[in-house]
Every structure is written in structure tokens, then in C-alpha cells.
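One letter stands for each residue in the lines below.
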Amino acid sequence: MSEILRFGRFVLAQRRPLVMGIVNLTPDSFSGDGHGHHLDAALHHAEQLVAGGADLLDIGGESSRPGAQPVAEQEELDRVMPLVERLAAWPVPISVDTVKPAVMRAAIAAGAAMINDINAFRAEGAFEAVVNSSAALCIMHMKGEPRSMQQNPEYEDVVSEVAAFLAQQKARFEQAGVARERLVVDPGFGFGKTLAHNLALFRALPELGRMAPLLVGVSRKSMIGAITGRSLPERVSGSVAAAMMAADRGARLLRVHDVRETVDALKVRAAVLDEEWSAQEITDRTSD
Ligand code: YH5
């Protein structure tokens, strides 16, 4: 397995699943690792994630946990941009988790290599904010909006509905001339889905991954809590197990809180599969 991904100034020759470490800048962070406005704490956390083996970092300033209220544009810029500006100088691609066009534009201008939009660039102006950049784009499926999405979500056939949505949003970008190497899709675990919906999507990862490289985010989520009966800080083992199973089903990017634990598990997996671990190649085109 080797596939080229283009993330801003980075070209990744992907030979193994990549680990995306989560840096949460929301003051109310559900997992107790929120850094609020404390830039130094966030930088320290980012360093720890990179030291633990993160291939890229995902920076988010708006909570998207079920029931969360939206944050104002300026507030999100104030939370996210100081960190993006600092991290953009690192040799690690930076992803910014946002639904807001103004945040997308500012992040790309500051050097973000990827925009991760849980709303799949459906907000007015979002598509235009990213289409002519070189940033990679994560197109995620969400039914409803964070405030109400977990109130009785219903599907006729969750897998075909999610697949059709992702294919449609991906086609929109391809028709505008966006290179396939920039596009990643994500079924959006927990975003307007019951446990049964999440499990059906998980089983369908092999077929969803035929459309585009897959990003999977299940780390510490309610589905892990529902299966194990564990509270948020106790969901590490369940999350690592789920990340391994996502890798087995073709996931190319794993969005996780527990980078070091996930990387250890992936190294064991690679050894058993007789796959190289260190062969991940990242080219930074500015340092040619
Ligand atoms: C994702 O799946 N998720 S933010 C609730 C939790 C734990 C974690 C109740 N951004 C995704 O991580 N971006 C988020 O416990 C994401 N894919 C992509 N692409 C929600 C989250 C979480 C929510």
C-alpha cells in the first residue's frame, strides 16, 4: 500500500496508517485535555503528541460534542490562530478542525496543511474558502448539527446514505478541479448516529474506503463508552482497539487523543503483517 497525499506544502507517500493527534482548544473540552486560551499548555501538548509519534496534528477551537453550542467567529480565531501560527513552522502537517470559512482562510494563510470540516464544507463560503488552496480537505458526514444531532437519529440505510453523501461532496470538489490527492472522506462516527449506526459504518469501512482515503475518528467517543461502560479517561484501551480494527479495514488516517498508545499498537500490527513502519515519507516542498 502506497498512496500519495498532498497536504499543503507536504507530500506524503503513504505506506502505513497515519496518526492524527488531537489538540483541543475548547475551554470545556469533554476529555479533560482542553487548553482554553493557554497557548503554552497547548504547545506542550502538541510537542508531546509529536514526540509520541503523531504524523499530523488536528487543532480545534469549537466543541462539536453532542449538545455543544456554536462559538463566535472571532472567539474561534482567537483560540486557534496563535497555535496554528506557531505550529506551522514545525515539520508536521497541521490540520484545522473548523466549519467556518473565515477560520479556514486564516488557517490556510498561516500555513495549515489540511482543513477538517465536520460539516463537509456546506456552510456558505466554505467551499470557496478552500477550493483554490493547496490544503488537503477532510469531508465528513454529519446528520443534523451538534446541538441536536444525537436526538433520535434515523436512517433507512445508514451505510448507503453516508456513502452517497460523501461521494456527492467529493464530486463537487473534483468538478472544481481539486486534485484527488487532496481529498479525504470520513463517515463521522457519533455525528447523528446511534451505536448501531456507528457499528454498521465501521463494518462498511472497506467499501467506504474505495471512494477516497478514509479518516476515522472514534477516539474516546460515546460508542466506546457504550460498549465498555467506561468514563472518558478510561476509554484508552477501547479506543486503541477500535483504531487497530479501523486500520485493518483500510482507514488511512486515525484521529486520536492517545497518540503514543495508538502508535505502539500500530507498530505491533505492522510487525505481524510484515509491513515497514519507518517507511513513511514526508516531503516538505519548502525545504527542497
Ligand atoms: C471525527 O470523527 N470528531 S470532534 C465526543 C466524545 C469524544 C470525542 C463523548 N472532529 C471528528 O472527537 N473530525 C471530531 O465523547 C472530527 N472526524 C473528523 N474528521 C468530536 C470528538 C469527540 C466527541
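Residues numbered from 1 in each chain as written. Predicted model: local features only at pLDDT ≥ 70, side-chain atom pairs only at ≥ 80, totals over all residues. Heavy atoms only, no water.

The next subject is the pattern of salt bridges. Counted by the stated rule, this structure contains 14 salt bridges. As a salt-bridge pair, Glu-75 and Arg-79 come within 3.0 Å of each other at their nearest N and O atoms. One end of the pair is Glu-75 and the other is Arg-79, both in helix H2 (residues 73-87) and four residues apart, which spans about a single turn. The partly exposed category is assigned to Glu-75, whose relative accessible area is 26%. Residue Asp-248 is joined to Arg-269 by a salt bridge in which the shortest nitrogen-to-oxygen separation is 2.6 Å. One end of the pair, Asp-248, is in helix H9 (residues 236-248); the other, Arg-269, is in helix H10 (residues 259-272), with 21 residues separating them in the sequence. Residue classification places Arg-269 among the buried residues on the basis of a relative accessible area of 16%. (Salt bridge = Lys/Arg side-chain N within 4 Å of Asp/Glu carboxyl O. Helix = DSSP H or I, 4+ residues; strand = E, 2+ residues; numbered from the N terminus. Buried < 20%, exposed > 50% of the residue type's maximum accessible area, 1.4 Å probe, protein only.)

Right, let's get into the packing of helix H1 (residues 39-51) against H2. When two helices pack together, their arrangement is given by the angle between their axes and by how far apart the axes lie. In the contact formed by H1 and H2, the axes pass within 10 Å of each other and the chain directions differ by 45 degrees. By the angle class used here, H1 and H2 are oblique. The crossing of H1 and H2 is right-handed. Listed contacts from H2 to Leu-39, Ala-42, Leu-43 and Ala-46 of H1 are Pro-82, Leu-83, Arg-86 and Leu-87. By residue class, the composition of the contact of H1 with H2 is seven nonpolar, no polar and one charged. (Axes fitted to C-alpha atoms, helices over the stretch in contact; angles between N-to-C directions. Parallel < 35°, antiparallel > 145°, perpendicular 65-115°, else oblique. Left-handed = near helix turned anticlockwise from the far one by under 90°. Contact = heavy atoms within 4.5 Å. Nonpolar A, V, L, I, M, F, W, Y, C, P; charged D, E, K, R; others polar.)

We now examine the sheet that holds strand E7 (residues 136-140). An order of E8-E7-E6-E5-E4-E3-E10-E9 is seen for the eight strands of this open sheet, with the pairing classed as parallel. Of all strands in the sheet, those bounded by a partner on one side alone are strand E8 (183-186) and strand E9 (215-216). Here strand E3 (residues 18-24) pairs with strand E10 (residues 253-256) via four bridges, running parallel. From the neighbouring strand, Gly-21 faces E10, where its bridge partner is Val-256. Sheet contacts for helix H3 (residues 101-109): strand E5 (94-97) and strand E6 (114-117); angle to E6, the most-contacted strand, approximately 160 degrees. Seen against the sheet, H10 touches E3 and E10 and runs at an angle of roughly 170 degrees to E3. (Pairing = 2+ DSSP bridges.)

The values are spatial; any link to function lies outside them.
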